[in-house]
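Chains, contacts and geometry: an overview
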Amino acid sequence: MDMFSFHDMSLDHVPSYAGIASKPNWSALNNTVGQGLVEQLQTSLDLAQQLQIFSMAAGKILPIATLEMHTAVGIFRAAGSYPASQEYRSMLVLNDQCLAELVYQSDSSFTPLLQRRLLELEIQWLFALRNALVVTRLQQLALRDTLTGLGNRRFFDDSFSKTVLMAERKQQGCALILLDLDNFKPVNDNHGHHAGDEVLLAVADAMRSTLRVSDNLFRFGGDEFAVLLTAEDAQSAELVAHRLVKAISQHHICEKFMVSASAGLAQLNPGENSKLLFARADQALYQAKQSGKNAVRQAPVQTAITEVAELIKA
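Note that the structure is a prediction, hence the values are computed from the model and not measured. By convention here, each chain's residues receive numbers from 1 onward along its written sequence. Per-residue local features of the predicted model are confined to residues with pLDDT of at least 70, and side-chain atom pairs are confined, for both listing and counting, to 80 or more; whole-chain, interface and lining totals are unaffected and use all residues. Side-chain measures here rest on the full set of heavy atoms in the structure, leaving out hydrogens and waters.

So, the overall build of the protein chain
- Each helix is a run of DSSP H or I of at least 4 residues and each strand a run of E of at least 2, with the numbering of both proceeding from the N terminus. Tallying secondary structure elements over the protein chain gives 11 helices and 9 strands in all.
- In the protein chain, which comprises 314 residues, the proportion classed as buried is 48%.
- Here a residue-residue contact requires only that any non-hydrogen atoms of the pair lie within 4.5 Å. In the protein chain, the share of contacts with a sequence separation of at least 24, taken over all contacts with a separation of at least 6, comes to 70%.
- Here the accessible surface of atoms and residues is derived via Shrake-Rupley with a 1.4 Å probe, and residues count as covered only by protein chains that are part of the display. If you sum the accessible surface of the protein chain, you get close to 16,100 Å²; carbon and sulfur atoms cover 51% of it. The classification of residues rests on relative accessible area computed with a 1.4 Å probe and restricted to protein chains. Under 20% of the type maximum is buried, over 50% is exposed, and intermediate values are partly exposed.

This is the structure:
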């Protein structure tokens, strides 16, 4: 399952001992390592930030190249991580419940003594980690489509407005792709809603396999989907749209039920707001459906404001 992304919190510049720790002073190592760790971890319910805090404490025990955490709500990696020759895995268990698996990598050996010291740190993390996992799961339930795991309409509305504002501020590209499934209604009518759910899951799987950043994928409900592209990805939005349509139509489940997809896309014009961008992408989708389905249509880069205003009114 994909993790919920806190878009307003960037960890790119948060210091981490993963990948930057120097060789420790073994003679100075004592029981004060990790002192105050519990208090630090309790300052945040963000799993990624907790991992950063823990990586700094673990880096005082040995030089860590990579620290990765596998959970039911996503995989997290400490900033600055890179591959190393030695690997050690540890399960974080609280009250017979497995919370996560930690994957350490280092060019130093994980001796039994070091493993024990890491375990002492991990024990201090358990309660804060459990609380963060509960919060993250609730966030996912609130912002994710319960069937496909893609972002829901609420998540899309919030992400879309922020993405457009950020693109304008940074003067970067931004594109919206809207997709609608072709021949989906007969699947529900002739084969039942279970078959329809099977198709929707297949579509979500095809979309995830096509795009690198799955947090930019959304399902509005029914058979309507959306994709947000920014920066360099927005420049190749038409290519992405064709890949998505192709991946969906060639998925074996979609082939079984003869379901395909049509897509409409629009690039953000200078000074354009999210409503106008959505209206142009929606109009392009309508044109794709009218052209015979299983097609991609792109809105003109510069559409007259008055024309788009009429689209919104309609």
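A closer look at the packing of aromatic side chains
- Centres within 6.5 Å are what make two rings of Phe, Tyr or Trp a pair, Trp counting through its six-membered ring; a difference in plane orientation under 30 degrees is then read as stacked, over 60 as edge-to-face, and the rest as tilted. Per the stated rule, a full pass over the model turns up 11 aromatic pairs.
- Cluster of aromatic residues (ring-pair linked, three or more members): Phe155, Phe156, Phe160, Phe218, Phe220 and Phe278.
- Any Lys NZ or Arg CZ found within 6 Å of a ring centre and within 35 degrees of that ring's normal is scored as a charge over the ring. The ring of Phe220 has Arg153 sitting right over it, with the charged end atom 4.4 Å from the ring centre.

Observations concerning unusual backbone geometry
- Positive phi outside glycine occurs at Asn95, with the angle close to 50°.
- Tracing the sequence through the fold places Asn95 in the loop between strand S3 (86-94) and strand S4 (97-106).
- The exposure class of Asn95 is exposed, given its relative accessible area of 66%.
- With a phi angle near 65°, Asn183 is a residue other than glycine that sits in the positive phi range.

Details of the pairing of strand S6 (residues 217-221)
- For S6, the tally of buried residues reaches 4 of 5 residues, placing the bulk of the element in the interior.
- Should DSSP find at least two bridges between two strands, the strands are regarded as paired. Relative to strand S7 (residues 224-230), S6 runs antiparallel, the two being bridged by 4 bridges. By the bridge assignment, Phe218 is partnered in S7 with Ala226.

So, the sheet that holds strand S9 (residues 296-298)
- One open sheet holds the 5 strands; their spatial order is S6-S7-S5-S8-S9, and the pairing between them is mixed. Here the strands that pair on one side only, and so sit at the sheet edges, are S6 and S9. Going across the sheet, the axis of each strand differs from the next one's by a mean of 20°, ignoring polarity.
- Contacting strand S5 (174-182), S6 and S7, helix H6 (residues 193-210) runs over the sheet at an angle of about 10° to S7. Axis geometry follows a simple rule: fit a line to the C-alpha atoms, using only the stretch in contact for helices, then measure angles between N-to-C directions, giving values from 0 to 180 degrees.

A short note on the environment of Ser90
- Inspection of the secondary structure assignment puts Ser90 in strand S3.
- We classify Ser90 as buried; its relative accessible area is 6%.
- Taking the C-alpha atoms as reference points, Ser90 and Ala100, separated by 10 residues in sequence, lie 8.6 Å from one another.
- With residues near it in sequence (within four places) discarded, Ser90 still touches Ala100, Glu101, Leu102, Tyr104 and Glu122.
- Under the rule applied, a polar contact is a pair of N or O atoms within 3.5 Å (in protein, one hydrogen donor and one hydrogen acceptor; residues adjacent in sequence only if both atoms are side-chain atoms). Among the polar contacts listed, one links the side chain of Ser90 to the side chain of Glu122, at a separation of 2.8 Å.

Examining the confidence of the model for the protein chain
- Looking at the protein chain as a whole, its pLDDT mean stands at 85, while 84% of the residues score no less than 70.
- Note on scores: pLDDT gives the predictor's confidence for each residue, bounded by 0 and 100. Segment residues 1-34 is flagged for pLDDT under 50; beyond a separation of four residues in sequence, or across chains, it makes 82 contacts in the model.

Observations regarding H6
- To estimate how far a helix should reach, multiply one less than its number of residues by 1.5 Å. The terminal C-alpha atoms of H6 lie 26 Å apart, and with 18 residues this matches the ideal 26 Å at 1.5 Å per residue to within 8%.
- Packed against the buried residues of H6 are S5, helix H5 (185-191), S6, S7, helix H8 (237-250) and helix H9 (252-256).

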